[in-house]
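Observations on the model geometry
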Amino acid sequence: MVDVMGHEIPRSHPRYHSLLIRERLVEGFNKGLVVPQGLIAHGRGEAFDYILGEKTHEFALRAERAAVASIILASKPVISVNGNYAALAAEEIARLAEATGALVEVNLFYRSEERVRRIYEHLRDHGVPNLLPPDCEKTRVPGLESPRGIVCVDGIASADFILLAIEDGDRTEALVAWGKRVAAIDLNPFSRTAQKAHITIVDEAIRATRNMVEIASSMSPEEARRVLDDYSNSEVLREAFRAMLERLSYAASKGVL
Ligand code: PTJ
């Protein structure tokens, strides 16, 4: 039995892991890291993960390898972290930034300086290195109005590669249009983020980041070049849709998954 904020979750519960992750997000919401819209976004992600069988598929692993390869070969890679990603995967982000030397920037759709500071402190308390401070010099992503376009001059604005997760499509599109190479972790292959990113990781954000830490521990620059030469994002997206179709076809014919 694990006690999460007064709710007891028995380890034997068939949805134990999913419930634990959910509680992590609710805790993030109560601490002011996650916005209410982030809870809705999480539910959408869960639905796609359910269809995918809640595991990392081979096509996702291929995209995760390509994202790590891109970080290794980039001159200035930045991991962009929003409220959901911070609440779910702060430890994994710390290990990925440590393994690769990538910078980490808090970048929010529903931006307030108070939330940026809270998320920054949450990441710092989880040992995230290379963190851009909330008072970094700022500029704007071209084409993004309002505070959601604010980024650090020494971070995303001057990055050549950005890893983001659980992100809104509008922002992903604007970063790509700005000339950034973008890898996106998004369980929904239909989303604008998934469709617009150069590398689409159709996997759950915690699992994906853990896998990337593992991959980063042994990838050489030569292997990174080979991985990127062989990579096709449209193939990865096709396989993600095919995996969903196969699971749904099986369920449609047998009545079970
Ligand atoms: O913290 P902020 O202010 O930057 O706001 C963050 C949210 C999530 C509210 C904002 O970025 C947003 O509205 O995102 P969307 O447009 O709902 O897109 C989120 C995408 O992430 C959806 O396609 C979900 O299916 C997907 N998703 C949700 N949870 C996960 C996920 N993908 C991977 N892992 C997850 N845990």
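1. A look at the overall build of the protein
A tally of helices and strands in the protein yields ten helices and nine strands. Since a compact globule built from 257 residues should have a radius of gyration of about 18 Å, the 18 Å found for the protein is in line with a globular shape. Dimensions along the principal axes, computed over C-alpha positions, put the protein at roughly 55 × 50 × 35 Å. In the protein, which comprises 257 residues, the proportion classed as buried is 50%. For the protein, the share of sequence-separated contacts (at least 6 apart) that also reach a separation of at least 24 residues comes to 63%. Roughly 12000 Å² of accessible area belongs to the protein as shown, and the carbon and sulfur atoms make up 51% of that amount.

2. Looking at the nonpolar core
Of all hydrophobic cores here, the largest spans 61 residues; its most connected members are Ile-79, Tyr-85, Leu-123 and Leu-163. Tallying contributions element by element places helix α4 (residues 83–100) first for this core, with ten residues. The contacts of Tyr-85, once residues within four sequence positions are left out, are Ile-79, Ser-80, Ala-90, Ile-93, Leu-163, Ala-165, Ile-166, Ile-185, Ala-205 and Thr-209. Of all hydrophobic cores here, the second largest spans 14 residues; its members include Val-151, Leu-175, Ala-184 and Ala-197.

3. Re the domain arrangement of the protein
Domain assignment breaks the protein into domain 1 (2–51) and domain 2 (58–238). Inter-centroid distance (C-alpha atoms) of domain 1 to domain 2 is 22 Å. Taken together, the contact pairs 17 residues of domain 1 with 16 residues of domain 2. Buried surface at the junction of domain 1 and domain 2, both sides included, amounts to about 1500 Å², of which 62% is carbon and sulfur. Ranking the residues of domain 1 by area buried against domain 2 places Arg-24, Leu-33 and Phe-48 at the top, with a combined share of 39%. At the surface where domain 1 touches domain 2, the tally comes to one salt bridge. The tally of links between domain 1 and domain 2 comes to five residue pairs in polar contact (both at pLDDT 80 or more). Those elements that provide at least two residues to the side of domain 1 that touches domain 2 are α1 (16–30) and α2 (36–52). Taken together, the residues of the side of domain 1 that touches domain 2 sort by class into seven nonpolar, six polar and four charged.

About the criteria used
Residues numbered from 1 in each chain as written. Predicted model: local features only at pLDDT ≥ 70, side-chain atom pairs only at ≥ 80, totals over all residues. Heavy atoms only, no water. Helix = DSSP H or I, 4+ residues; strand = E, 2+ residues; numbered from the N terminus. Rg over C-alpha atoms; globule rule 2.2 N^0.38 Å. Buried < 20%, exposed > 50% of the residue type's maximum accessible area, 1.4 Å probe, protein only. Contact = heavy atoms within 4.5 Å. Areas by Shrake-Rupley, 256 points an atom, 1.4 Å probe, with all protein chains shown as cover. Core = buried A, V, L, I, M, F, W, Y, C linked by side-chain atoms within 4.5 Å. Domains from an automatic or database assignment. Buried area = accessible area lost by both parts, 1.4 Å probe. Salt bridge = Lys/Arg side-chain N within 4 Å of Asp/Glu carboxyl O. Polar contact = N/O pair within 3.5 Å; in protein donor to acceptor, adjacent residues only side chain to side chain. Nonpolar A, V, L, I, M, F, W, Y, C, P; charged D, E, K, R; others polar.

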